[in-house]
Amino acid sequence: MIEDFFTHSPYELSQPEKEKLLLTELRALTHHHYNNCRPYKNILDAMGTDIERIKRVEDVPFFPVRMFKELDLMSIPRDKIFKVTTSSGTTGQKVSRVYADMETAMIQQKVLIKIFGDFLGKKRLPMLVIDSAETVRNRQLFTARGAAIIGLQMIASKQIFALDKDMELQKEMVCEFLREHAGQKFLIFGFTFMAWQHFYKELLKMDERFDLSEAFLMTSGGWKKLQSESVSREEFKARFKEVCGLGHFLDHYGMAEQIGAINAECECGHLHASIYSDIIPRRHRDFSPCEVGEPGILQMVSVLPHSYPGHSIISEDEGVLLGIDDCPCGRKGKYFEVLGRIKKAELRGCSDTYAAGF
Amino acid sequence: MNGVEYLAGGPEVSNTPLPAYSEEALIFLSDLSAKLLHDPRTRAYPDVTSFGFWCRKANLQKLKEECADRESRLGRGLAFHVAPSNVPVNFAFSFAFSLLAGNGNIVRVPSKNFPQVQLICKSIKQILPDHSEIERRAAFVRYPVDQAITTGFCAKADARLIWGGDDTVQAVRSCPVKPKCIDLVFADRYSICVIDGESVLQADERSLKKLAENFYNDTYLMDQNACSSPQLVLWLNGGSEARERFWGAVAEYAGNLYELQGMTAVDKYTQLCEDAVERPEVEKVLRQNGNLLYRAELSGLPENAGDDLRGRGGYFYEADLSELSDICPVVNEKYQTLTYFGLGPERLRKMVIDDHLRGIDRIVPVGRAMDIGVIWDGYDIIGTLSRIVQAG
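Residues numbered from 1 in each chain as written. Chains lettered and ligands numbered in written order. Predicted model: local features only at pLDDT ≥ 70, side-chain atom pairs only at ≥ 80, totals over all residues. Heavy atoms only, no water.

A. The overall build of chain A, seen in detail. Of regular secondary structure, chain A possesses 10 helices and 15 strands. Taking 358 residues into account, the globule formula puts the C-alpha radius of gyration at 21 Å, and chain A, at 21 Å, falls close to it. Expressed as lengths along the three principal axes of its C-alpha atoms, the size of chain A is roughly 65 × 60 × 45 Å. Buried positions account for 55% of the 358 residues belonging to chain A. Split by element, the accessible area of chain A, about 15,700 Å² in all, is 50% carbon and sulfur. Looking at chain A, you have 47 positive and 50 negative side-chain charges, and the mean spots of the two groups are 3 Å apart. (Helix = DSSP H or I, 4+ residues; strand = E, 2+ residues; numbered from the N terminus. Rg over C-alpha atoms; globule rule 2.2 N^0.38 Å. Buried < 20%, exposed > 50% of the residue type's maximum accessible area, 1.4 Å probe, protein only. Areas by Shrake-Rupley, 256 points an atom, 1.4 Å probe, with all protein chains shown as cover. Lys, Arg positive; Asp, Glu negative; His and termini not counted. Charge placed at Lys NZ, Arg CZ, Asp CG, Glu CD.)

B. The sheet that holds strand β9 (residues 230-236) of chain B, seen in detail. Residues and elements named next belong to chain B. Spatially, 7 strands are ordered β10-β11-β12-β9-β8-β13-β14 in an open sheet, and the strand pairing comes out mixed. In the strand order of this sheet, the two ends are held by β10 (282-288) and β14 (362-365), each with one partner. Shown here is a sheet whose adjacent strand axes are inclined to one another by a mean of 25 degrees, direction ignored. Judged from the 4 bridges that link them, strand β11 (residues 293-298) and strand β12 (residues 315-321) form a sheet pairing that is parallel. Paired with E297 across the strands is E318, a residue of β12. Packed on one face of the sheet, helix α11 (residues 240-257) meets β8 (190-196), β9, β10, β11 and β12 and runs near 155 degrees to β11. (Pairing = 2+ DSSP bridges. Axes fitted to C-alpha atoms, helices over the stretch in contact; angles between N-to-C directions. Contact = heavy atoms within 4.5 Å.)

C. The arrangement of the interface of chain B and chain A in detail. Counting residues at the interface gives 58 residues for chain B and 35 residues for chain A. Both sides of the chain B and chain A interface together cover about 4,000 Å² of buried area, and 58% of this is carbon and sulfur. Taken together, the connections running from chain B to chain A amount to 1 salt bridge. Counting across the interface, chain B meets chain A through 8 residue pairs in polar contact (both at pLDDT 80 or more). If you list the elements that add at least two residues to the side of chain B that touches chain A, you get α7 (147-156), α8 (166-173), α12 (262-278) and β10 of chain B. (Buried area = accessible area lost by both parts, 1.4 Å probe. Salt bridge = Lys/Arg side-chain N within 4 Å of Asp/Glu carboxyl O. Polar contact = N/O pair within 3.5 Å; in protein donor to acceptor, adjacent residues only side chain to side chain.)

D. Highlighting the nonpolar core. Residues A:L178, A:F199, A:L212, A:M218, A:F236 and A:F240 are the most contacted members of the largest nonpolar core, which totals 175 residues. Every residue in contact with A:F240, bar those within four places of it in the chain, is listed here: A:A195, A:W196, A:F199, A:Y200, A:L203, A:L217, A:G245, A:L246 and A:F249. Membership of the second largest hydrophobic core comes to 54 residues, among which are B:L32, B:V48, B:W54 and B:F95. (Core = buried A, V, L, I, M, F, W, Y, C linked by side-chain atoms within 4.5 Å.)

E. Structural view of the sheet that holds strand β5 (residues 138-142) of chain B. Residues and elements named next belong to chain B. The mixed open sheet is built from 6 strands, whose spatial order is β1-β5-β4-β3-β6-β7. The two strands at the open ends of the sheet, each matched to only one other strand, are β1 (5-9) and β7 (182-186). Looking at each pair of strands side by side, their axes are set apart by 15 degrees on average, direction ignored. Bridging between strand β3 (residues 78-82) and strand β6 (residues 159-163) involves 4 bridges; their strand directions are parallel. Among the inter-strand pairings, H81 is bridged to a residue of β6, identified as L161. Its contacts with the sheet put α8 on β3, β6 and β7, and the angle it makes with β6 is roughly 155 degrees.

F. Structural view of the environment of B:P46. With respect to the secondary-structure elements, B:P46 resides in helix α2 (residues 46-54). Linking B:P46 and B:Y340, residues 294 residues apart in sequence, is a C-alpha distance of 23 Å.

Shown next, in the form of C-alpha cells:
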C-alpha cells in the first residue's frame, strides 16, 4: 500500500530497504494493471511474462514510453478520469496522454510535496512562476508544464505568473515582487529554457539589481535546448549567480508519464530517486541493468500510477548511476545523471529515402 | 547550375548513344573494377568490393553474351538517375547498367556523404581522362533538395531511373520531360522468405551456419531496411524444432557481428508492444540473444502484410503455411523478392505465373537478396534503357 511509504521521509531508506518496499508495491501494481488494462495484459501475454516470477525490482516488466503517445492507456473506467496530462511535445509531434483518477492525482500531489519539502522545508513559500497563467487555464487538458505548475501550487503560499499571454515579462509586477522578497527565502519556478530566456535575459537588461541569494530557482524540462545555445548547466548557474546572487538551484528530472515521483537535484548536483520511485539504466543489447558508472537507457519505476500502467517505463533517455546510498548530501538510494536523448538510429537500406526531400 | 557539385564529369553530358555493351563501356567498367579492387581502401567496404567484382571484365563479357539481340541495340540517349539516399553504392550500379545500355548519364549521388561514394567517384574521376567516349557521357552530381535543379536535369533526359520511397518517386516524376522519355521506377517494395522446415532439420551444422550467414547478409547487414530484405518469414513444414534450430543459428551469427544501436533496441521493443496490442494476429513475440532478434509469431497472414508488417534491425514476422499457395491471396504489387531455402525456384516461379500474382519479381536463394543485377524489380534494365534498331 502506498500508505506504507508515507511513514518514511523521501530519502531515508537505504537501497535494500527501499527495494523491499518497492517490490511489494510494484508487483501489486503489475497485477492491478494486468487485470484492468487490456493493452497492458496483451503485452505481458505476448512476452510470456509471469508476474509470480518477479523477484526483484528489475524484474518488473517495463512499458516503452512511446506507447503513451500511440494509445489511450488507463486502468480505470473512463468516467473516473479526473484529469488528463499531456507531455510537452514540440509542434507536430505526438504527445503522451496520461489519465489520472482522483486517487492517483492526490497521490501525485502528496508525493511531490513530500519530495520538495525535503529540500525546501515544510513552510509554504511565495512562488514566482516564469510562465503565463494561460498555461494552466484548461484544467481538463494539462500540458506537462501546466501540470508541474499546478502541482507546485501545493508548496507555494501564492503563485505569481511572470509572463503575459504573449510570453512577455510583466516587468512592473515582477520587479515589485522581487523588491518585496529580496533577501528572503522564496521560490522561482520555470522550465530551464524559459527561466533563461524570459527571466535571466530580462534581469540582465534591467538597471535595477535584486538580491536573490536566499531564493530557490526550481527548474525542470531538461538542458537540451539550452545546450543547443551553448549554455551549460554550470554556466546557467554561474550567470544567474552573477546577475542576482541566486544561490539555490533545484533542478529536477521526471516524465509526464510519471508525474509526482520526480528526481530532484541535491546540493551536490546529483539527481536522486526518492523512495517512491527508482531508476534502472539498462544496456541496450539485452536490457540487462547497468553497473554504477555505466551509461544506459533509463528505466523508471514509480509506485504512484494506479490509474494508468505507468509504474514501470523505459524512456528514450540515457543516463548513468553515480552511486547508491553514498551521496555526500546524505540522501539514501540511487543518484544519477541524465545524459540526454538516445541518438537517433541511422539505418542502412533503401526505404524512406528522400521522403523529406525534393 | 547553382548549388550543383560535380564529383566526376562536368555539366556538358552528351546524349549521343553508344551501342549496347559497347567496347568503350566494357573497357571503362573493367578498368574501374580493377582500380577499385586494387585500392586498399576498398577492403573496408564490402559493398564497394561487390560492385568492383560485379563489373570485372569476365562478368560483363558474360552478360554481353547473354544479351542475344545486342547487335541491334543502341542507347536511348541521356539518362538521369536519382539514387537512393541511404544505400551508398546503388548509384554506381544504376550508372553501370545505363552505360552498358549505351546512354550518357547524369547521376545524382546520395546527399549523405558516404565514404563509398567518395571512393567510387574519385576512382571514376581518375580514369575518365583515359576514356574520352565515356568522359563526355558521365556526370556525378550532388545537390541539396532542390526541385528546380531536378527539373533542369529532367528536361534533358531520354530516360530517368528513380530510386527511392514513394514520395521521392512522385516528386521526381512531377518534373516535366520530353515526350519520349521513359521512367524506370524503383519504388518502395516488400520482400519475404520461404523456408522448408524439414530441410532445416536435415541440414548439417556447416550448412546450417551457412544458411544463418546468408540470412544475415540478406537482412541484418542492411539493418533489414532494404527493399529486398525479407520482413516476413514463412514456414513450410515449420515445426517448432525447425524454427528454433534456424533462429538459434541466426541469433548466434548476428550476435557476433551485428551492431545494434540503442534507439533500434528501443524501437524494436516498442514495436513488440504495439504489435501485441494492435495486431490480433500476433500471438507471441519472442526475443532471442537479448535484443538482437525479435520474432512476432502470426496466427495467420493479414491481407495488408506488404504495407504493414515491417521490422528494422532484426524484427521479423513469421507464420506457418499449410501449403505454398497460402501466400497467393496476400501478394500484391508491393512484393519484390522472395528468398527460399529447401525448395526449388521453378516451383515458386510457376506459382507466381500460374496464380497470376501481381507481385514477386525475384525468386532467389537465401543469401542472394541483395545481389542487384541487370534484371531488377521485374525490369530488363538494359533492354528497357536501349532501343531496338529494326531492319529487314
